[in-house]
Amino acid sequence: MGKYSKLREKILSGVSDSNIDFSDLCKLLLRLGFSSRIKGDHHIFTRDGVTEIINLQPKENKAKPYQVKQIRGIIVKYRCGETDVD
């Protein structure tokens, strides 16, 4: 199991939402097929077939816990990354 598969499983487990590295989370979303644009410190992710728009901002070098929870919901709802993401 690679780095991003482990990160996806860590997000799905929900045990450490406040300890997810922001840059790794952004890279995971890109590997899951999302496209990104950056405006200031806002990282905005979209993907065809996903109606939600993901808007992330870093808190120091970590992702905000409520945003990780939102991403978990999107991964589950749209079954993102069920095949290998590494």
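Model, not experiment: these values are computed from the prediction.

Caption draft 1: Spatial organisation of the overall build of the protein. Counting secondary structure elements, the protein contains 3 helices and 5 strands. Reading the protein from its N terminus to its C terminus gives the helix and strand order α-α-β-β-β-β-β-α. Expressed along its principal axes, the backbone C-alpha trace of the protein runs to roughly 35 × 30 × 20 Å. Pairs at least 24 residues apart make up 50% of the contacts formed inside the protein by residues separated by at least 6 positions.

Caption draft 2: Focus on the nonpolar core. Ranked by size, the top nonpolar core spans 22 residues in total, and within it I11, L25, F34, I54 and L56 carry the most contacts. Of all elements in the fold, only α1 (3-13), α2 (22-31), β3 (50-56) and α3 (65-78) reach the threshold of two or more residues within this core. The greatest single-element share of this core, amounting to 5 residues, is contributed by α2. In contact with L25, other than residues within four places in its own chain, are L7, I11, I20, L56, A63, V68 and I71.

Caption draft 3: Focus on the pattern of salt bridges. Under the defined criterion, the tally for this structure stands at 5 salt bridges. With a closest N to O distance of 3.4 Å, K3 and D24 form a salt bridge. Residue K3 is found in helix α1, and its partner D24 is found in helix α2; the two are separated by 21 residues along the sequence. For K3, a relative accessible area of 49% gives the class partly exposed. Among the salt bridges present, the one from E82 reaches R79, with a minimum N-O distance of 3.1 Å. For R79, a relative accessible area of 57% translates into the label exposed.

Definitions and limits used
Residues numbered from 1 in each chain as written. Predicted model: local features only at pLDDT ≥ 70, side-chain atom pairs only at ≥ 80, totals over all residues. Heavy atoms only, no water. Helix = DSSP H or I, 4+ residues; strand = E, 2+ residues; numbered from the N terminus. Contact = heavy atoms within 4.5 Å. Core = buried A, V, L, I, M, F, W, Y, C linked by side-chain atoms within 4.5 Å. Buried < 20%, exposed > 50% of the residue type's maximum accessible area, 1.4 Å probe, protein only. Salt bridge = Lys/Arg side-chain N within 4 Å of Asp/Glu carboxyl O.

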